[in-house]
Amino acid sequence: MKFENANVLITGGASGIGRIMGRMALEKGASCLVIWDINPQNITSTIKELGKIGKVRGQVVDVSRNELVTEAYNKAVNECGNIDILINCAGIVTSNKTFDQQTTDEIVRTMAINTIAPMFVARAMLPDMIRRNRGHICTIASAGGMLSNPKMSVYAASKWGAIGWSDSVRIELQDMKSKVKVTTVAPYYINTGMFDGVKSRIIPILKPEYAAGKIIKAIEKDKSFKGIPFGFHFIRFWQAILPTRVFDWLFGEVFGIYHTMDEFTGRKKPGTIATKAS
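Some remarks on a positive patch on the surface
Here's step 1: A cluster of basic residues, K2, K217, K221 and K223, forms a positive patch on the protein surface.
Here's step 2: Among the secondary structure elements, K217 is positioned in helix α6 (residues 208-220).
Here's step 3: Residue K217 is classed as partly exposed on the basis of its relative accessible area of 49%.

What follows is the structure in structure tokens.
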């Protein structure tokens, strides 16, 4: 779907790749950009910066609360018109603790923001998109939603859920013969600060500008799934043909993926909802 003359809404849009994608959308001619975030200072600075390019509106929204999502969506439609492109970009990671050390709050918050919130946001907008037979929903999940990784079990679970949900909605719309499209994105770690301290032995950590550009292009080309880097499209293939021990050795020890979270520190302010990384 083209961004030109489209109304675009991005959750987690006041920082990281959310902010970058907002800028790219306006540069491509978007009519209005709506950013939802929980950080009012970041929203203000983003509006000031991106407002020089085009029309920008911002709202403080906790996307894990359905009543707030519904209220904010109605306000966005009143200010900008029907939303044509939704990018679910808000996300959270709490720690690199093993599962036995995870607290109830960490589990609930991670699942609420990473899995349930995209559903709330999409459900608010999807009926109008179906009615107009126009729209695109992009959910930025994670490579962690395809590749199990120690010290991020709850995060991985939340992203597995997001991928399964997003792709199921794609098939539902396809069966409806609807022109509304769905793109599911599974990137590796992105250098936005959300995963500070992560060490990647072989696979390079993604640069935000590069990752944002790939996602924008995937939306424009109506891609159903986008792994970043491209080789991540084949993770499930290798899981299918390799014995578990061999797969664990190759990806865990040779590529070093199972040790990427060993020195994780995260952002200075824990629990911040931020834009996506792996």
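After presenting the structure, the write-up continues.
Quick notes on the sheet that holds strand β1 (residues 7-11)
Here's step 1: Spatially, seven strands are ordered β3-β2-β1-β4-β5-β6-β7 in an open sheet, and the strand pairing comes out parallel. Two strands in the sheet have a free side with no partner beyond their single neighbour: β3 (56-60) and β7 (225-228). The average angle at which neighbouring strand axes cross in this sheet is 15 degrees, direction not considered.
Here's step 2: In this structure, strand β4 (residues 85-88) lies alongside strand β5 (residues 136-140), joined through four bridges in parallel fashion.

Brief notes about the environment of T183
Here's step 1: Secondary-structure assignment places T183 in strand β6 (residues 181-187).
Here's step 2: For T183, a relative accessible area of 0% translates into the label buried.
Here's step 3: C-alpha of T183 to C-alpha of R267: the two residues are 84 residues apart in sequence and 28 Å apart in space.
Here's step 4: Aside from chain neighbours lying at most four places away, what touches T183 is H136, I137, C138, T139, S166, A218, I219, D222, K223 and S224.
Here's step 5: Looking at T183, its side chain comes within polar contact range of the side chain of H136, at 2.7 Å.

A word on the pairing of β5
Here's step 1: Counting buried residues in β5 gives five out of five residues, a clear majority hidden from the surface.
Here's step 2: Once you follow β4 into helix α4 (residues 104-132) and on to β5, the crossover reads as right-handed.
Here's step 3: Pairing of β5 with β6 involves five bridges; the strand directions are parallel. When the bridges of β6 are listed, C138 appears paired with T183.
Here's step 4: In terms of handedness, the path from β5 via helix α5 (residues 153-175) over to β6 forms a crossover that is right-handed.

Describing the pattern of salt bridges
Here's step 1: Going through the model one piece at a time under the given rule, you end up with twelve salt bridges.
Here's step 2: Among the ionic pairs, E49 bridges to R19, the shortest N-O distance being 2.6 Å. In this pair, E49 sits in helix α2 (residues 40-50) while R19 sits in helix α1 (residues 16-27), placing the two residues 30 residues apart along the sequence.
Here's step 3: Taking the shortest distance from any N to any O, the salt bridge between D262 and K151 comes out at 3.3 Å.

Focus on the state of the cysteines
Here's step 1: Scanning all chains against the criterion turns up one disulfide.
Here's step 2: The partner cysteine of C32 in its disulfide is C80, sulfur to sulfur 2.0 Å. Of this pair, C32 sits in strand β2 (residues 32-37) while C80 sits in helix α3 (residues 66-80), and the two are 48 residues apart along the sequence. This pair shows no difference in class: C32 is buried, exactly as C80 is.
Here's step 3: Cysteine C138 is unpaired, with the sulfur of C89 as its nearest cysteine sulfur at 8.4 Å.

Structural notes on α4
Here's step 1: Under the 1.5 Å per step criterion, the end-to-end length of α4 is 41 Å for 29 residues, consistent within 8% with the ideal 42 Å.
Here's step 2: Largest kink in α4: about 45 degrees, centred on I116, with the proline P118 one to four residues after it.
Here's step 3: In the segment just after α4, N133 is the residue with positive phi, at about 55 degrees.

Digging into the nonpolar core
Here's step 1: In terms of nonpolar packing, the biggest core is built from 57 residues, with V8, M21, I87, I140, F195 and I215 touching the most fellow members.
Here's step 2: For this core, the leading source of residues is α1, giving six residues.
Here's step 3: Counting residues in hydrophobic clusters, the runner-up holds 27 residues, among them V63, V69, A76 and I83.

A closer look at the packing of aromatic side chains
Here's step 1: Applying the stated criterion across every chain, the model contains eight aromatic pairs.
Here's step 2: Centre to centre, the rings of Y155 and F195 are 5.5 Å apart; their planes meet at 75 degrees, and the pair counts as edge-to-face. With Y155 in helix α5 and F195 in the loop between β6 and α6, the pair connects residues that are 40 residues apart, well separated along the chain. Just as Y155 is buried, F195 falls in that class too.
Here's step 3: Plain terms: the ring middles of F230 and F234 are 5.6 Å apart, the flat faces sit at 75 degrees to each other, and that makes the pair edge-to-face.
Here's step 4: A relative accessible area of 39% places F234 in the partly exposed class.

Calculation notes
- Residues numbered from 1 in each chain as written.
- Predicted model: local features only at pLDDT ≥ 70, side-chain atom pairs only at ≥ 80, totals over all residues.
- Heavy atoms only, no water.
- Patch = residues over 30% accessible without salt bridge, like charges linked within 9 Å, V, L, I, M, F, W, Y side chains within 5 Å.
- Areas by Shrake-Rupley, 256 points an atom, 1.4 Å probe, with all protein chains shown as cover.
- Salt bridge = Lys/Arg side-chain N within 4 Å of Asp/Glu carboxyl O.
- Lys, Arg positive; Asp, Glu negative; His and termini not counted.
- Charge placed at Lys NZ, Arg CZ, Asp CG, Glu CD.
- Helix = DSSP H or I, 4+ residues; strand = E, 2+ residues; numbered from the N terminus.
- Buried < 20%, exposed > 50% of the residue type's maximum accessible area, 1.4 Å probe, protein only.
- Pairing = 2+ DSSP bridges.
- Axes fitted to C-alpha atoms, helices over the stretch in contact; angles between N-to-C directions.
- Contact = heavy atoms within 4.5 Å.
- Polar contact = N/O pair within 3.5 Å; in protein donor to acceptor, adjacent residues only side chain to side chain.
- Right-handed = clockwise from strand over helix to strand, strands pointing away.
- Disulfide = S-S within 2.5 Å.
- Expected span 1.5 Å × (residues − 1).
- Bend = angle between axes of the 7 residues up to and from the residue.
- Core = buried A, V, L, I, M, F, W, Y, C linked by side-chain atoms within 4.5 Å.
- Phe/Tyr/Trp six-rings, centres within 6.5 Å; stacked < 30°, edge-to-face > 60°.

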